[in-house]
Amino acid sequence: MECKQSREEQLSALIDSYGNLVFSICYKMTSDYFASEDLSQETFLSAYKHLSEFDGQYEKAWICRIATNKCLDYLNSAGRRMIPTEDAGLEDSRMPDARGTPESICLEDEVKATLLARCQSLKPPYDEIAKAYYYDEMDAGEIALQRGMKLKTVQTQIYRARSMLRKLYGKEKGA
């Protein structure tokens, strides 16, 4: 986020960018539409209060983490208020997603999108090789078979693509 923007403008930009995402996280975690609306508002209120502490990096992950924490707090407090019934301990209607928490899903999607963009930024043929190997998670033998290439050629291209990707990721860390 730019320092030139007022806090209100920064908040407005956050809401415009991540309002639907935050609501989706809250709804997925609580399964309660009205609680999700309240938790979304609490998320952005908390973000507004802590804008001065935020360094501007990984904005999406930051806002997702706040939403997740608000939902966990809500669920913990709701659990303490709830009176258990006879069958309450036997089944849980909110089975966790096989991929993990909404925050980890969000982060995983962001990492995969970044990886795909980096793979596609490489020059041919390394762009397609990197995408197949790293993003699509194919092994060198599958790639060679699919493309009608020698295995050793594919392995060499994977090695070179890995080197190029390391440079791209290294530039990001240095920036």
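See the structure printed just above.
Conventions and cut-offs
- Residues numbered from 1 in each chain as written.
- Predicted model: local features only at pLDDT ≥ 70, side-chain atom pairs only at ≥ 80, totals over all residues.
- Heavy atoms only, no water.
- Patch = residues over 30% accessible without salt bridge, like charges linked within 9 Å, V, L, I, M, F, W, Y side chains within 5 Å.
- Areas by Shrake-Rupley, 256 points an atom, 1.4 Å probe, with all protein chains shown as cover.
- Salt bridge = Lys/Arg side-chain N within 4 Å of Asp/Glu carboxyl O.
- Buried < 20%, exposed > 50% of the residue type's maximum accessible area, 1.4 Å probe, protein only.
- Helix = DSSP H or I, 4+ residues; strand = E, 2+ residues; numbered from the N terminus.
- Arc of directions from axis to C-beta.
- Polar contact = N/O pair within 3.5 Å; in protein donor to acceptor, adjacent residues only side chain to side chain.
- Phe/Tyr/Trp six-rings, centres within 6.5 Å; stacked < 30°, edge-to-face > 60°.
- Lys NZ or Arg CZ within 6 Å of the ring centre and 35° of its normal.

Enquirer: Sorry if this is basic, but what is going on with a nonpolar patch on the surface here?
Expert: On the surface, a cluster of nonpolar side chains totalling about 360 Å² of accessible area is made up of Y27, Y33 and F34. For F34, a relative accessible area of 60% gives the class exposed.

Enquirer: Would you mind going over helix α6 (residues 140–147) with me for this structure?
Expert: Every α-helical turn comprises 3.6 residues, leaving residues that sit three or four positions apart pointing alike. If you check which residues of α6 are buried, you get A140, I143 and A144. Around the axis of α6, the buried residues are gathered within 100 degrees of arc, so they sit on the same side. Across α6 from its buried face, at more than 90 degrees, point the exposed residues L145 and Q146. In this structure D139 caps α6, since a side-chain oxygen of it lies 3.0 Å from the backbone nitrogen of G141. Where α6 terminates, the next one or two residues include G148, which has phi positive at roughly 65 degrees.

Enquirer: I would appreciate a short explanation of the packing of aromatic side chains in the present structure.
Expert: For any pair of aromatic rings, the description consists of the separation of the ring centres together with the inter-plane angle of the planes. Under the criterion given, the structure shown has four aromatic pairs. Aromatic side chains F23 and Y27 sit 6.1 Å apart centroid to centroid with 15 degrees between the ring planes, which places their arrangement in the stacked category. With F23 and Y27 both in helix α1 (residues 7–30) and four residues apart, the pair spans about one turn of that helix. With a centroid separation of 5.5 Å and an interplanar angle of 85 degrees, the aromatic rings of Y33 and F34 are classed as edge-to-face. A relative accessible area of 42% means that Y33 is categorised as partly exposed. Aromatic rings pair up to connect F23, Y27, Y33 and F34 into one cluster. One residue, K112, lies across the ring of Y135, its end atom 5.0 Å from the ring centre.

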